[in-house]
Amino acid sequence: MKIAILSLFPEMFESFLNTSIIGRARQENLIDIRPVDIRPYSTKKHKNTDDYPFGGGAGMVMMAQPIVDCVRDMRSQGYKGRCIYLSPRGKQLNQQKVVELAQEEGLILLCGHYEGVDQRAIDLVVDEEISLGDFVLTGGELAAMVLTDAVARYVPGVLGSDESTGEESFTDGLLEYPQYTRPREFEGIEVPEVLLNGDHAKIRKWRREQSLLTTLRVRPDLFRKAEMTPKEREAALAAARQEAEECY
Ligand code: 4G1
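Residues numbered from 1 in each chain as written. Predicted model: local features only at pLDDT ≥ 70, side-chain atom pairs only at ≥ 80, totals over all residues. Heavy atoms only, no water.

Draft legend 1. The arrangement of the overall build of the chain in detail. For the chain, the helix and strand inventory stands at 9 helices and 9 strands. Projected onto its principal axes, the C-alpha positions of the chain cover 70 × 45 × 35 Å. Residues counted as buried form 39% of the 248 residues belonging to the chain. Expressed as a percentage of contacts within the chain between residues at least 6 apart in sequence, the contacts between residues at least 24 apart total 74%. (Helix = DSSP H or I, 4+ residues; strand = E, 2+ residues; numbered from the N terminus. Buried < 20%, exposed > 50% of the residue type's maximum accessible area, 1.4 Å probe, protein only. Contact = heavy atoms within 4.5 Å.)

Draft legend 2. Structural detail: the site of the ligand. The ligand sits among 18 residues. The nearest are L132, F135, V136, L137 and A143. Within the backbone of L132, a nitrogen or oxygen atom sits 2.9 Å from a nitrogen atom of the ligand. At 2.9 Å, a backbone N or O of L137 approaches an oxygen atom of the ligand. For the ligand, whose accessible area on its own is 550 Å², the fraction buried by protein is 78%. If you map the ligand onto the pockets, it falls in the largest pocket. Listing elements by their share of the shell around the ligand, those giving two or more residues are β5 (83-92) and β7 (128-131). (Near = heavy atom within 4 Å. Polar contact = N/O pair within 3.5 Å; in protein donor to acceptor, adjacent residues only side chain to side chain. Areas by Shrake-Rupley, 256 points an atom, 1.4 Å probe, with all protein chains shown as cover. 1 Å grid on protein atoms, 1.4 Å probe; cavity = no way out; pocket = protein on both sides within 12 Å on 5 of 7 lines; lining within 4 Å. Sits in = over half its atoms within 2 Å of the grid points.)

Draft legend 3. Here's a closer look at a nonpolar patch on the surface. Side chains of M12, F135, L137 and L142 sit close together on the surface and give an oily, nonpolar patch of about 370 Å² of accessible area. Within the secondary structure layout, L142 lies in helix α6 (residues 141-152). (Patch = residues over 30% accessible without salt bridge, like charges linked within 9 Å, V, L, I, M, F, W, Y side chains within 5 Å. Salt bridge = Lys/Arg side-chain N within 4 Å of Asp/Glu carboxyl O.)

Draft legend 4. Structural detail: the packing of aromatic side chains. Within this structure, the stated rule accounts for 0 aromatic pairs. If you follow K2 out to its NZ or CZ, it ends over the ring of Y79, 4.6 Å from the centre. (Phe/Tyr/Trp six-rings, centres within 6.5 Å; stacked < 30°, edge-to-face > 60°. Lys NZ or Arg CZ within 6 Å of the ring centre and 35° of its normal.)

So this is what it looks like as structure tokens:
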């Protein structure tokens, strides 16, 4: 998979690209992630990339010309697939969209800065706008890193057999059960007994119950959609009821 990330601040991607699973996948040539500086594409004398907004208002707008020329140059260099503008105007990213994007041959990600980009660049070269959520960011770079990280995990070979995409319970629409490592006791808090006994059927059952109960407690919207047996559903609801009663 080839991903070009177009930005006015390509240096922001340095540690992301060279660390952990993404760093290893790049070294092994499983993914080609290239941060691309938009500035050299400006035809202005001083390589300006932003200008004042027509109609007035605060801040600056990224000019269409350097962006459009940069995207077209990436196309000529074999960067295929959808061009995505990370933008608060897009639909919110979710795991279904991540899996869909991972099927593309490649991606061109455009990161906005300041007040965003001239609408004509969007009209000319952007296929889709995607948002991380409803909050204010300084730029789209962090959003592009989040999207790239999530998509790269689905590229064959990027995850080791120990890190498969199915293991996270999110695949079944549930949150994860609590995890513990050594020592067995920390600041007076013991690791739950069931995890120490080596009874794997019992451990599986406990983890499933914990996933269901945590999901019900903090994300009732996910709980309602998740697949479970009527027994599991009743047990989680009973445990939550019990907890609620303990408040009195
Ligand atoms: C209006 C958030 C503006 C922000 C309303 C999530 C946010 C890109 C994202 C903004 C950005 C809201 C994102 C805002 C983002 C141009 C440059 C847009 C930065 C910019 C809720 C600033 N997911 N924000 N505007 O944050 O790029 O992808």
